[in-house]
Amino acid sequence: MTAEANFVQACEGPVFTGSGSGTLACSCGQALIEGYDPARFLGVAIQCGQCAAVTVTPGLPAEIAPPAAAVLAETVAEVRTATTAIPPNVYVVGRIEYDRIAALYQPHTPADNVYPISALLLDEVAATYESMLGVPLPDSSIAKADDPFAGSSEHALGWAVAHLRGRLRAESWASRESEASSAAGTNVAAFLHFVRTWSHHPLFPAMAATAAERGFSLHGLAPFAAAHCLTMQGNRIGFPTPAAVPGRIGHIYVAAGPSDMVTVLPEVFDRFEYPYGAAWNAPGLLAAVSEVVLRSQARINLKNPGILLLSPGVALGGYDEALIVAVKTAVQSAGRKNRGLMGVTLIVLRMRDTPDPHSVRFGYGLFPIVNRHYRGETLVAPPE
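Procedures and definitions
- Residues numbered from 1 in each chain as written.
- Predicted model: local features only at pLDDT ≥ 70, side-chain atom pairs only at ≥ 80, totals over all residues.
- Heavy atoms only, no water.
- Core = buried A, V, L, I, M, F, W, Y, C linked by side-chain atoms within 4.5 Å.
- Buried < 20%, exposed > 50% of the residue type's maximum accessible area, 1.4 Å probe, protein only.
- Helix = DSSP H or I, 4+ residues; strand = E, 2+ residues; numbered from the N terminus.
- Contact = heavy atoms within 4.5 Å.
- Salt bridge = Lys/Arg side-chain N within 4 Å of Asp/Glu carboxyl O.
- Pairing = 2+ DSSP bridges.
- Right-handed = clockwise from strand over helix to strand, strands pointing away.

(A) Main features of the nonpolar core. Core analysis: the largest hydrophobic core is formed by 59 residues, its most contacted members being Leu157, Val188, Phe194, Trp198, Phe239 and Tyr364. Among the elements that make up this core, the one with the highest residue count is helix α4 (residues 179–198) (10 residues). Residue contacts for Leu157: discarding those within four places in its chain leaves Val125, Tyr129, Leu137, Asn187, Val188, Phe191, Gly215 and Phe216. Core analysis: the next-biggest nonpolar cluster, separate from the first, contains 25 residues, Val289, Tyr319, Ala326 and Leu341 among them.

Here you go:
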């Protein structure tokens, strides 16, 4: 047996039969996989039962996103004494290729989540933005004495950098001195966190183009923050391959089993977002959340099962905690009407003070709320 092989052919026929139209054969002519589709067998090494040579299928092409769900083939030279049929929705990935893909496609958690706000850091943000998109960072600051957030709706990141440059010129300032400075520091930190988490990813140009459409606001970054959190919680995630270059990424895939995946669909929930949203109270919040959950049935249903991802932005006065309660109540009530809804998850900020008044400690929290009426088994890993 050859140590590098995932499988050793010890059956009269091929090791696998798939749903493709080709045949994978050893150099000696022995059939190893009938119904071979290269996209379904990635980096799989099979030792021929006739001549003992090892044939390795190609790995994942550079321009294709990896499957979110796959069967892992360990490098243990597993002896196969019978042919195994591989269903059309199953991918088989060799351990070496799996590790290569994981290193390339999984998020990299930044080593430090503290961002000291300085002129140098703001210059880094502007230069990074321009290198990513090929245009200068917009100056979206509109000076209004009665509205320090003016310009934030047009381009959140441009406003944030302009606001902080103005505050840096003051005799004294702090990142938490006001709601505006806190929001600006959060936007800058969120952008840098996104870049440091995902810039190695082959689909990063599409991620950046997607987030740029919302000015790199918290809503624009929410899908990628959620994907990072889902990975940290032990889930396997993936992104669809964009139809164009750089294209856009409208949703996430999360594996719900070895060969199944569900779609995570983002939804901006900004009705109560500070500073321009409506004032909130518990009954109004529950009504608004229930409406969104019920409306999601047009996109998430028995034919298209999935998870709804809510991006609420920032509101004041214990809003995050009240929102989690409202979502739990809404899912419990409306979930029975949509058995294709696996659950609703929230992506919210988790900010902490730092000893340095000019720094921002940045983080996210993801809160999955499971629909107990979902038609299948919910296998998405919850937070610890």
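(B) Structural view of the pattern of salt bridges. Applying the stated rule across the entire model yields 14 salt bridges. The shortest N-O distance in the salt bridge between Arg271 and Glu291 comes to 3.4 Å. Residue Arg271 is located in the loop between β15 (261–268) and α7 (282–295), and its partner Glu291 is located in helix α7; the two are separated by 20 residues in the primary sequence. For Glu291, the salt bridge goes to Arg295, with nearest N and O atoms at 3.3 Å.

(C) Here's a closer look at the pairing of strand β17 (residues 341–349). Across the nine residues that make up β17, a large majority, nine, are buried. Strand direction decides the pairing type here: strand β16 (residues 306–311) and β17, joined by five bridges, are parallel. Of the residues in β17, the one forming a bridge with Leu310 is Leu346. Tracing the backbone out of β16, into helix α8 (residues 319–334) and back to the parallel element β17 gives a crossover that is right-handed. The pairing of β17 with strand β19 (residues 364–370) spans seven bridges and is antiparallel. Bridged to Thr345 within β19 is Pro368.

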